[in-house]
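Residues per chain, in single letters:
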Amino acid sequence: MDEIWGQACIKLERSVGPNNFNHWIKPLRLTGVEDGIARFNSPTRFISDWVSRHFADDIIGELSRSGQQVERLRFDVASRSQDSSDSGQKTRSRPAKAAAPVADAVHDRPELGAPLDPRYTFGNFVVGKPNELAHAAARRVSEGGPVGFNPLFLYGGVGLGKTHLMHAIAHAYQQRDPSARVLYLSAEQFMYRFVQALRESTIMDFKGMFRNVNMLMVDDVQFIAGKESTQEEFFHTFNALVDQGKQIVISADRTPAEIKGLEERIKSRLSCGLIVDLHPTTYELRLGILQSKTEAFRQQQADLRIGNGVLEFLASRITTNVRVLEGALQRLFAHASLLQREITLEVAQECLTDILRTNDRKISIDDIQRKVAEHYNIRLADMIGPKRARNVARPRQIAMYLSKQLTNRSLPEIGRRFGGRDHTTIMHGVRKIEELSDADTGLSEDIALLRRQLEA
């Protein structure tokens, strides 16, 4: 059984990804296959339930391909309680390891947090204007000692580098102090650990483990919005760590104030530190990321040949998500490696047809005008009208700026859609917003929010 399961695990890790595999499938042990049922030993009921819901088909498929007749899975979970025959009442029986000091238990139970990706370090994080403040703040936190802000709250759209920076902080912090207890996990995992502790009556262990770390890092905190019990526990954990002077790093897809369903006291707590926005990437930053990834790949495959203009083409066409951008480049590397071909512009267009088609979804000037008017509570007609009042002119300039950034329309075309204005007026409006957004944080956040809504 161990050999059969070992071979299946190699393939499962590829299909479900290393994070999912290490966290959910690796703890299982195949004990036998009989009458179409594969039996596993599982450390907890929570893990077996999660595997049943999310990975059962993958496991059944791999075992079937190895020659086993498997139709369903069954899990045997080690009991955490036993009946007392003396009193007729149930008493809690704790494993010997649970008697260890709580501080050591964080090291003894690596499954408590999510594994860190070794690729996500400061060394391979490409810094540009949209993320330079977030990078500087993350660097400062990773150095340890008094920081001056707690928590560090990182927010931004998908694929802009929040998770990369959080992993980089953890790597650098632990490299500086190997004995430091750093716990990184998603808000979803925090909730599941909390529910599991309630179900298994180990809530005090849960509290002790989460409150005896040097740094707590929670990714995608918007997930706990609307979940009252989880928010309650998160609030108390947050307070306990801050009171001890322990660092907290949080990420989300929007500011605390914009997360609906999040209790006001938690919004207030999250807002008391440093809130940093990772802005949508610029062409220059995307190109820098592609160049960095290409150089890293060349170290593995020196004969890589990539034609002129390919990276520039990708940076200009795939604009919304760095993960998609990196995935497209990785696909081209695989294509070049397997077929021993140069990556030309034609090859890139052919190989990435589906990605390019998805990213060609057009944002229209009408969409932009409507969204900006709605955001600033002005009439849509005022966008193209002659009014010059500040409460109308500034949103109009923002809409002009976004039209230039998010569409491929020329300045004269944009001018025509804004009531027949001259292209020089559009150019002035774009430059004005560029200047103001550098100095006005509120305006910069408004533009980032509008851009995320339009690109969603």
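Provided above is the structure to which this section pertains.
Below: a short report on this structure. (Residues numbered from 1 in each chain as written. Predicted model: local features only at pLDDT ≥ 70, side-chain atom pairs only at ≥ 80, totals over all residues. Heavy atoms only, no water.)

1. Some remarks on the overall build of the protein
Next up, step 1: What the protein contains, in helices and strands, is 22 helices and 10 strands.
Next up, step 2: Its C-alpha atoms give the protein principal-axis dimensions of roughly 90 × 55 × 40 Å.
Next up, step 3: Out of the 456 residues in the protein, the part that is buried amounts to 47%.
Next up, step 4: Relative to all contacts within the protein whose residues are 6 or more apart in sequence, the contacts with residues 24 or more apart total 72%.
Next up, step 5: In the form shown here, the protein has an accessible surface area of approximately 23,200 Å², with 47% of it arising from carbon and sulfur atoms.
Next up, step 6: Each charge class in the protein can be summarised by its mean position, and for the 62 positive and 57 negative side chains these summaries are 4 Å apart. (Helix = DSSP H or I, 4+ residues; strand = E, 2+ residues; numbered from the N terminus. Buried < 20%, exposed > 50% of the residue type's maximum accessible area, 1.4 Å probe, protein only. Contact = heavy atoms within 4.5 Å. Areas by Shrake-Rupley, 256 points an atom, 1.4 Å probe, with all protein chains shown as cover. Lys, Arg positive; Asp, Glu negative; His and termini not counted. Charge placed at Lys NZ, Arg CZ, Asp CG, Glu CD.)

2. Description of the packing of aromatic side chains
Next up, step 1: Applying the stated criterion to the full structure yields nine aromatic pairs.
Next up, step 2: Between Phe 206 and Phe 210, the aromatic rings sit 4.5 Å apart at their centres with planes inclined by 40°, giving tilted as the arrangement. Note that Phe 206 and Phe 210 are positioned in helix α9 (residues 203-210) at a spacing of four residues, about one turn of the helix.
Next up, step 3: Among the residues examined, Phe 210 registers a relative accessible area of 0% and is labelled buried.
Next up, step 4: Arranged with centres 6.2 Å apart and planes meeting at 50°, the rings of Phe 234 and Phe 238 form a pair that is tilted. Pair noted here: Phe 234 and Phe 238 are both in helix α10 (residues 228-243), with a separation of four residues, about one helical turn.
Next up, step 5: Note on Phe 238: relative accessible area 3%, which makes it buried. (Phe/Tyr/Trp six-rings, centres within 6.5 Å; stacked < 30°, edge-to-face > 60°.)

3. Description of the sheet that holds strand β1 (residues 29-34)
Next up, step 1: Reading across the sheet, the three strands line up as β1-β2-β3 and stay open at both edges, with mixed pairing between neighbours. Strands at the two margins of the open sheet, each flanked by one partner only, are β1 and β3 (72-77). Within this sheet the neighbouring strands show an average axis-to-axis angle of 25°, counted without direction.
Next up, step 2: Bridge count for strand β2 (residues 37-42) against β3 is six bridges, and the pairing is parallel. Across the sheet, Ser 42 pairs through a bridge with Val 77, a residue of β3.
Next up, step 3: The strands touched by helix α1 (residues 2-16) are β1 and β2; relative to β1, the strand with the most contacts, the crossing angle is about 115°.
Next up, step 4: The strands touched by helix α4 (residues 56-65) within the sheet are β1, β2 and β3, with β3 carrying the most contacts at an inclination of about 110°. (Pairing = 2+ DSSP bridges. Axes fitted to C-alpha atoms, helices over the stretch in contact; angles between N-to-C directions.)

4. Focus: the packing of helix α19 (residues 390-406) against helix α21 (residues 423-439)
The axes of two packed helices give the description: the angle between them and the distance between them.
Next up, step 1: Between α19 and α21, whose axes approach to 8 Å, the crossing angle comes to 95°. When the interaxial angle is binned, α19 and α21 end up roughly perpendicular. Listed contacts from α21 to Arg 394, Gln 397, Ile 398, Met 400, Tyr 401, Lys 404 and Gln 405 of α19 are Thr 425, Ile 426, His 428, Gly 429, Val 430, Lys 432, Ile 433, Glu 434 and Leu 436.
Next up, step 2: Along the lines of polarity and charge, the residues of the contact of α19 with α21 split into seven nonpolar, five polar and four charged. (Parallel < 35°, antiparallel > 145°, perpendicular 65-115°, else oblique. Nonpolar A, V, L, I, M, F, W, Y, C, P; charged D, E, K, R; others polar.)

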